[in-house]
Amino acid sequence: MLTPPVEKGPPFDEGDWHELGEAELPALAGLVEAALAADGGLPLFTTVPLLRARLLQPRTLGVWHGADLVAAASVDADRTPATATGLVHPAWRGRGIGTRLLDWADEQAAGANLLLTTETWTADAEVLFTARGFERTFLEWVLRHDLDAPPDVAAPDGVTVQPATLGPELFGVYRASFADRPGFVEPAADEWLGDLRDDEDYRPELSLVARGPNGDTAGFVTVLGNWIDQVGVVPGWRGRRIGAYLVARVLGGLAEAGADGAWLCVNDDNPAAGLYRRLGFRDAGRRARYLRR
């Protein structure tokens, strides 16, 4: 995130501002870890693929104080809209660094629409973004379950589950579960299934399909690593605790496999967030997107 000056402290001197590259990946990981510890957010932000995607876009800028990387930002001005990501170390906020990084991102975008991506959201950052004409278009909670006591949810009457098979049936229950959601854009079946098939973290043994007494598909859950990727229930089967049962089965399976925690993301206005919290998930930060046209 591009963080506004909110803490007291002297203005930041010129320091060392220069481009970033692959050699700075360890320093970027440390910067992200410090922001996540202070603000919460998406823990996957520390992984090399996401660090590259967010902070090593074509145009980069790092801010150093001696040997310490205290802030970073990157911009891809060739995309539509242009995209930018950045963050300031918690100990260095309140000195105008975030504002200067946002000015730099504006210059790189050269008047184009600009999308800011934040994986470690703060309310203070939102104040800065909205003051500069950005509108929040997406806000998502990151939730964690410690798995010390996985929930025990009884199977709904007449409902059975089995491992999901990557094929037309799984895509069909996904589509049926989400087609009535506002803004749903149906992907091509081969693309959606291929993304799961090609993901090295896909857990086929924990991904499940729920069926009614007649064998009709009623819901599904997919799992990537220790993350619950997607949970859906077909409209006619909602209100019968099928989603809760599927999630509880996954949590139990992860605990049995030795995981110490499970994660998921849920949109800020999704009523399913209440279900996940009742099952024992706890808030671990938020992530967001802001667009200025």
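All values reported here derive from a predicted model rather than from experimental measurement.

**Considerations on the overall build of the protein chain**
Scanning the protein chain from N- to C-terminus turns up 8 helices and 12 strands. Over its C-alpha trace the protein chain gives a radius of gyration of 21 Å, about what one expects of a compact globule, namely 19 Å for 293 residues. Here the C-alpha coordinates of the protein chain stretch approximately 70 × 40 × 35 Å along the principal axes. Buried positions account for 52% of the 293 residues belonging to the protein chain. Within the protein chain, contacts between residues at least 6 apart in sequence are counted, and of these 73% link residues at least 24 apart. Carbon and sulfur atoms provide 49% of the accessible area of the protein chain, an area that totals close to 13600 Å². If the 28 positive side-chain charges of the protein chain are averaged to one point and the 42 negative ones to another, these points end up 5 Å apart.

**Digging into the packing of helix 5 (residues 168-178) against helix 6 (residues 189-198)**
Here helix 5 crosses helix 6 at 105°, and the two axes come no closer than 10 Å. Relative to helix 6, the element helix 5 lies roughly perpendicular. Residue-level inspection shows Pro-168, Leu-170, Phe-171 and Tyr-174 of helix 5 in contact with helix 6, the latter providing Ala-189, Trp-192, Leu-193 and Leu-196. Looking at the contact of helix 5 with helix 6 residue by residue, the classes come out as 8 nonpolar, no polar and no charged.

**Side note on the nonpolar core**
Ranked by internal contacts, the top residues of the largest apolar core, which has 48 residues, are Leu-170, Ile-228 and Tyr-276. Residues Val-63, Leu-116, Phe-134 and Ala-288 belong to the second largest nonpolar core, which totals 26 residues.

**Description of the pattern of salt bridges**
All told, the structure shown has 17 salt bridges when counted by the stated rule. A salt bridge links Asp-39 to Arg-93; the nearest nitrogen and oxygen atoms lie 2.8 Å apart. A residue pair is termed long-range when its members are at least 10 positions apart, and Asp-39 in helix 1 (residues 25-39) and Arg-93 in the loop between strand 4 (82-88) and helix 3 (97-109) qualify at 54 residues. The shortest N-O distance in the salt bridge between Arg-277 and Asp-283 comes to 2.9 Å. Judged by relative accessible area, which is 43%, Asp-283 ranks as partly exposed. One salt-bridge network, in which partners are shared between bridges, spans Arg-54, Glu-119, Glu-140, Arg-287 and Arg-289.

**With respect to the pairing of strand 8 (residues 208-211)**
Going residue by residue along strand 8, you find Leu-208 and Ala-210 tucked away on one face and Val-209 and Arg-211 tucked away on the opposite face as well. Across 4 bridges, strand 7 (residues 160-163) lies against strand 8 in antiparallel orientation. Counterpart to Thr-160 in the pairing with strand 8 is Arg-211. Pairing analysis gives 4 bridges linking strand 8 to strand 9 (residues 217-224), with the strands arranged antiparallel. If you follow Arg-211 over to strand 9, its bridge partner there is Thr-217. In this antiparallel pair of consecutive strands, strand 8 and strand 9, the connection spans 5 residues, and Gly-215 shows a positive phi of 90°.

**Quick notes on the side chain of Arg-289**
Summarising the element assignment, Arg-289 is placed in strand 12 (residues 282-292). Of the polar contacts made by the side chain of Arg-289, one reaches the backbone oxygen of Thr-118; its length is 3.5 Å. Separated by 3.1 Å, the side chains of Arg-289 and Glu-119 make a polar contact. If we skip the residues at most four places from it in the chain, Arg-289 touches Arg-54, Leu-115, Leu-116, Thr-117, Thr-118, Glu-119, Glu-135, Arg-136, Thr-137 and Phe-138.

**Thoughts on the confidence of the model for the protein chain**
Per-residue confidence for the protein chain averages 94 on the pLDDT scale, and 95% of its residues sit at or above 70. Segment residues 1-8 is flagged for pLDDT under 50; beyond a separation of four residues in sequence, or across chains, it makes 38 contacts in the model.

**Some thoughts on the environment of Val-88**
Here Val-88 is to be found in strand 4. For Val-88, a relative accessible area of 1% puts it in the buried group. Separated by 17 residues in the primary sequence, Val-88 and Ala-71 have C-alpha atoms spaced 4.2 Å apart.

Basis of the calculations
Here the residue numbering is sequential within each chain, running from 1 through the sequence in written order. In keeping with the model being predicted, local features are shown solely for residues with a pLDDT of at least 70 and side-chain atom pairs are shown and tallied solely at 80 or more, while totals for entire chains, interfaces and linings include all residues. Hydrogens and water are ignored here; the side-chain numbers use all heavy atoms of the structure. Under the scheme used here, helices are H or I runs from DSSP no shorter than 4 residues and strands are E runs no shorter than 2 residues, and both carry numbers assigned from the N terminus. Two things to know: the radius of gyration comes from C-alpha atoms, and the globule rule equals 2.2 Å times the number of residues to the power 0.38. Working definition: with a 1.4 Å probe on protein chains only, accessible area under 20% of the residue-type maximum means buried, over 50% means exposed, and in between means partly exposed. In this description, contact between two residues means that some pair of their heavy atoms is separated by no more than 4.5 Å. For the accessible areas, the method is Shrake-Rupley and the probe is 1.4 Å, while residue cover comes only from the protein chains on display. Neither His nor the chain ends is counted toward charge; the positive residues are Lys and Arg and the negative residues Asp and Glu. By convention, the point assigned to a charge is CZ for Arg, NZ for Lys, CD for Glu and CG for Asp. Axis definition: a line fitted to C-alpha atoms, limited for helices to the stretch in contact. Angles are taken between N-to-C directions and run from 0 to 180 degrees. For classification purposes, angles smaller than 35 degrees are called roughly parallel, those larger than 145 roughly antiparallel, those between 65 and 115 roughly perpendicular, and all remaining angles oblique. Note on residue categories: nonpolar means Ala, Val, Leu, Ile, Met, Phe, Trp, Tyr, Cys or Pro, charged means Asp, Glu, Lys or Arg, and polar means any other residue, Gly included. What is meant by a nonpolar core is a set of buried Ala, Val, Leu, Ile, Met, Phe, Trp, Tyr and Cys residues, joined one to another through side-chain atoms within 4.5 Å. We count a salt bridge whenever a side-chain nitrogen from Lys or Arg sits within 4 Å of a carboxyl oxygen from Asp or Glu. At least two DSSP bridges between two strands are needed for those strands to be called paired. Under this definition, polar contacts are N or O atom pairs within 3.5 Å; protein pairs additionally need one hydrogen-donor-capable and one acceptor-capable atom, and for neighbouring residues in sequence, both atoms have to be side-chain atoms. One number per residue, pLDDT, summarises how confident the predictor is, and it ranges from 0 to 100.

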